[in-house]
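# Commentary on secondary and tertiary structure
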Amino acid sequence: MRPAVLTGEHYMTGDVACAEGALAAGCLFFGGYPITPATEVAERMSHRLPEIGGTYIQMEDEIAAMASIVGASCAGAKSMTSTSGPGFSLMMENLGLAVITETPCVVVNVQRAGPSTGLPTQGAQGDMMQARWGSHGDYEIIAMAPASAQEIFYQTIDAFNLAEKYRTPVLIMTDEVIGHMSERVVIPDAREIKTIERVKAKGRKDRYRPYAAGDLGVPPMANAGDGYKVHVTGLTHDEMGYPAMTVEAQAAMMERLMGKIQNNRDDIIRYEEFMIEDADYIIVTYGVSARTGRAAVEEARAQGIKVGMLRLITVWPFAEEKIRDLASKAKGMVTVEINLGQVHLEVERCVAGRVPVKLVGHPGGTLISPDTVIHTIKQEFGV
Amino acid sequence: MTTAQEAQREASRHPLDDLLRTERIPHIWCPGCGIGTAFSSCLMGMKESGIDLDNTVMVSGIGCSGRGAGYVKLDSYHTTHGRAIPFATGMKLANTDLNVVVFSGDGDLFAIGGNHFIHAARRNVDLTVVCVNNFNYGMTGGQVAATTPHLAKTTTTPLGNPDSPFNLPLLAYACGASYVARWTTLHARDLTSAIIEALANPGFSFVEVLAPCPINYGRRNKEKPLDTLRLFQEKSIIKNDAHPTELDVDWERGVVLGTFVNNPRPCSTDMYDKVCRLEEKPAKKSAA
Ligand code: SF4
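Keep in mind it's a predicted model, so treat the numbers as computed, not measured.

## Overview of the overall build of chain B
- Each helix and strand in chain B was counted, giving 10 helices and 8 strands.
- On C-alpha atoms alone, chain B measures out to a radius of gyration of 20 Å, which is about the 19 Å that the 2.2 N^0.38 rule sets for 288 residues.
- Projected onto its principal axes, the C-alpha coordinates of chain B cover approximately 75 × 60 × 35 Å.
- Looking at chain B as a whole, 56% of its 288 residues qualify as buried.
- Considering only contacts within chain B whose residues lie at least 6 apart along the sequence, 68% involve residues at least 24 apart.
- Approximately 12,600 Å² of chain B is accessible, and the part contributed by carbon and sulfur atoms is 54%.
- A gap of 6 Å separates the mean positions of the 28 positive and 29 negative side-chain charges of chain B.

Following this line, the structure appears as structure tokens:
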């Protein structure tokens, strides 16, 4: 059998690096449905998973793919699916099931330009609000945004770890450019990869309360076959997991579901600061657009303009404290993203008028050029 | 407790109590509903089959029948509308030691969930799918289903159903199910035997249970609760091995019950192991 961790130096696409990251994290089940530009994640999993004792299945549609990974996780396997915009829309119903039943799993969205079929082979970052609010009802979600093939490898491991730790679905919001570009990826020795496993139910089976908050507000989990005879439902439920159709039960369940993410924001939120200490103008960006942002910072600095960048690594939950803090020091901010202003709305909300915030957006199909960012900074802030 | 109390408690125990979440009873099913009978035959079958109940799960979708998972004292999963089968498929493939039983209704499994049913049957995923067919959407108040007979009245076909219903055993057979049977709630013993056979079949097993829904279907089609059972008694024809094309639900002509398919063939995981889990292939140069 080939190893789950392909230690060594490779030249691989973001999609392939994502699949390898999943395997390194301990993923043993992938339920997928092909869609450009995410197909290569599934293809890689289809030949790698059986090699390491896992299972790949191409389901009949994305609805089934999402349902299958929730089921597989309930049966004890770390599980994943990958998709792009239209498929992501189909997954929303069962994403909500994973949220309310607190089932760890990872969904990779290799974004393309939409709406609808849009530009299937060209990138965008247009599903960021769908990631946040696509399923129905209130909920909190964790979504990450890698900026390179190397990073997608590590972030996929991180996504699995957060999923297991917080018993929640975690989204990796990448895009066509990262998914399809080939880059050097270094995969470390298996012993250097830290993986987290869900906290399992312990103790007397008749005393177990499947949805009673444990550490961090997260209940210890019993998998199917562990002997705990759990009941798991998408209905509002009490600590036993039993349907409870009351206002009080809804409030108690929602408070814990939202709280386990909100109260652990410091542990969950990741970001990177680039030349931010003395910056007058701050670019807020994420994913592939951070490559634009970095080039723009370097070019602006060369021209003597003090620009810095805050790169969101976890886009949801949103780094609002950090943005507020930056807004109190900067003269102006720009959001750079390949959509017409989704994360920008959050930035504006957090800045709350302290300084002007401008959007450098694009409807998708291409990257944003660093020149456009610099031009906007000069024009809008009169630099 | 006095001996008399103990005796009384013992007498009031139901033989299936150990398989029920008794604290969840009473259930939500209406008086005269067939789901309870279908459910208890299903549990009886699980018990009598001798399968390891610690490794047995029940998965349901949404609807009246979908509440089955909420009453069984097994690992039990009440999922989304129509998605019990793909959820169950993920479970079974991720842990092949599990016996996975899908218990749900005709609306859930065959309208919204139709695509999943046909593909799981095609793959012969090792699941036992029990479909309580009461010819309508009971929980949402009696709308037309994919199984509603032509001309039958429902809340959304007030002048009669213009469409034709599925012949479910034919559909299951055509898609590759390796075990197919149909009974009514009046044939509880046969139904239990069918469940036992279905659990023993190492592939996709489908058991259709015709069941009355007096509250929503019966009322609109001038069938009093007992009329439906009388229909089941007088109009059913037991004919094992009947050809699936003869299995339309036609109460004028008579409805055929029995075991129609019992042809075990390699299930999806066996095929996956055989085809995809090859012994070490010669490694190509470098990975990626
Ligand atoms: S509505 Fe019909 S199917 Fe639902 S519980 Fe009542 S009688 Fe049974």
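## Re the overall build of chain A
- On a plain count of helices and strands, chain A comes out with 13 helices and 16 strands.
- Radius of gyration (C-alpha) of chain A: 21 Å, near the 21 Å computed for a compact globule of 383 residues.
- Taking the principal axes of the C-alpha coordinates as reference, chain A spans close to 70 × 50 × 40 Å.
- Looking at chain A residue by residue over its 383 residues, the buried ones come to 64%.
- In chain A, 76% of the contacts between residues at least 6 apart in sequence involve partners at least 24 apart.
- In the structure as shown, chain A presents an accessible area of about 13,500 Å², 51% of it carried by carbon and sulfur atoms.
- Across chain A, the mean location of the 36 positive side-chain charges is 5 Å away from that of the 47 negative side-chain charges.

## Focus on the interface of chain B and chain A
- Taken together, the 40 residues of chain B in the interface contact 45 residues of chain A.
- Each partner contributes to the roughly 3,500 Å² buried at the junction of chain B and chain A, and carbon and sulfur atoms together form 56% of this total.
- Ionic pairing is found between Asp54(B) and Lys229(A), a salt bridge with its closest N-O pair at 3.0 Å.
- Those elements that provide at least two residues to the side of chain B that touches chain A are β2 (75-78), α3 (84-94), α5 (114-123) and α10 (268-276) of chain B.
- Counting residues per element, the side of chain B that touches chain A draws most heavily on α3(B), which supplies 7 residues.
- Looking at chain direction, strand β10 (residues 231-233) of chain A and β2(B) are connected through 3 bridges and run parallel. When the bridges of β2(B) are listed, Val232(A) appears paired with Tyr77(B).

## Considerations on the sheet that holds strand β15 (residues 332-337) of chain A
Residues and elements named next belong to chain A.
- Strand order in the open sheet made by the 5 strands is β11-β13-β12-β15-β16, with mixed pairing throughout. Taken across any chain shown, the strands that pair with only one partner, and hence form the sheet edges, are β11 (271-274) and β16 (357-361). Taken pair by pair, the neighbouring strands of this sheet meet at an average axis angle of 20 degrees, ignoring direction.
- As paired elements, strand β12 (residues 281-286) and strand β13 (residues 307-312) share 6 bridges and run parallel to each other. When the bridges of β13 are listed, Ile-282 appears paired with Gly-308.
- Along the sheet, helix α13 (residues 370-381) contacts β12, β13, β15 and β16; its crossing angle with β15, the most-contacted strand, is approximately 150 degrees.

## Notes on empty space enclosed by the protein
- This structure, assessed with the given rule, holds 4 cavities of 30 Å³ or more.
- Reported here for the largest cavity is a volume of approximately 90 Å³.
- Every residue along the wall of the largest cavity is listed here: Cys74(A), Thr101(A), Thr103(A), Arg167(A), Tyr208(A), Pro210(A), Tyr211(A), Met221(A), Ala222(A), Val230(A), Val232(A) and Tyr77(B).
- Here the residues of the lining of the largest cavity sort into 9 nonpolar, 2 polar and 1 charged.
- When its volume is computed, the second largest cavity comes out at roughly 40 Å³.
- If you tally residues by element for the lining of the second largest cavity, the top one is helix α8 (residues 247-262) of chain A, at 3 residues.
- Across the lining of the second largest cavity, the residue classes tally to 4 nonpolar, 1 polar and 3 charged.

## Focus: the layout of surface pockets
Residues and elements named next belong to chain A.
- Estimates place the volume of the second largest pocket at around 500 Å³.
- Around the second largest pocket, the lining comprises 25 residues; the ones closest to its centre are Gly-96, Leu-97, Ile-100, His-136 and Gly-234.
- Those elements giving two or more residues to the lining of the second largest pocket turn out to be α4 (85-101) and α8.
- Top contributing element to the lining of the second largest pocket by residue count: α4, with 5 residues.
- Per-class residue counts for the lining of the second largest pocket are 10 nonpolar, 12 polar and 3 charged.

## Here we look at the environment of Gly32(A)
Residue and element names in this part refer to chain A.
- Structurally, Gly-32 is set in strand β2 (residues 27-32).
- Since its relative accessible area comes to 0%, Gly-32 is described here as buried.
- Contacts of Gly-32, omitting those with residues within four sequence positions, involve Ile-57, Gln-58, Met-59, Ala-65 and Thr-81.

## A closer look at the side chain of Lys92(B)
- Structurally, Lys92(B) can be placed in helix α3.
- Contact partners of Lys92(B), with chain neighbours within four places excluded, come to Leu98(B), Val100(B), Asp126(B) and Leu127(B).

## As for the site of the ligand
Residue and element names in this part refer to chain B.
- Lining the immediate surroundings of the ligand are Trp-29, Cys-30, Cys-33, Ile-35, Cys-64, Asn-134, Gly-138, Cys-213, Pro-214, Ile-215 and Asn-216.
- For the shell around the ligand, the element with the most residues is helix α8 (residues 214-220), which contributes 3 residues.
- By residue class, the composition of the shell around the ligand is 8 nonpolar, 3 polar and no charged.

So, how was this worked out
Residues numbered from 1 in each chain as written. Chains lettered and ligands numbered in written order. Predicted model: local features only at pLDDT ≥ 70, side-chain atom pairs only at ≥ 80, totals over all residues. Heavy atoms only, no water. Helix = DSSP H or I, 4+ residues; strand = E, 2+ residues; numbered from the N terminus. Rg over C-alpha atoms; globule rule 2.2 N^0.38 Å. Buried < 20%, exposed > 50% of the residue type's maximum accessible area, 1.4 Å probe, protein only. Contact = heavy atoms within 4.5 Å. Areas by Shrake-Rupley, 256 points an atom, 1.4 Å probe, with all protein chains shown as cover. Lys, Arg positive; Asp, Glu negative; His and termini not counted. Charge placed at Lys NZ, Arg CZ, Asp CG, Glu CD. Buried area = accessible area lost by both parts, 1.4 Å probe. Salt bridge = Lys/Arg side-chain N within 4 Å of Asp/Glu carboxyl O. Pairing = 2+ DSSP bridges. Axes fitted to C-alpha atoms, helices over the stretch in contact; angles between N-to-C directions. 1 Å grid on protein atoms, 1.4 Å probe; cavity = no way out; pocket = protein on both sides within 12 Å on 5 of 7 lines; lining within 4 Å. Points joined across faces, edges and corners; volume = space filled by probe spheres on them. Nonpolar A, V, L, I, M, F, W, Y, C, P; charged D, E, K, R; others polar. Near = heavy atom within 4 Å.

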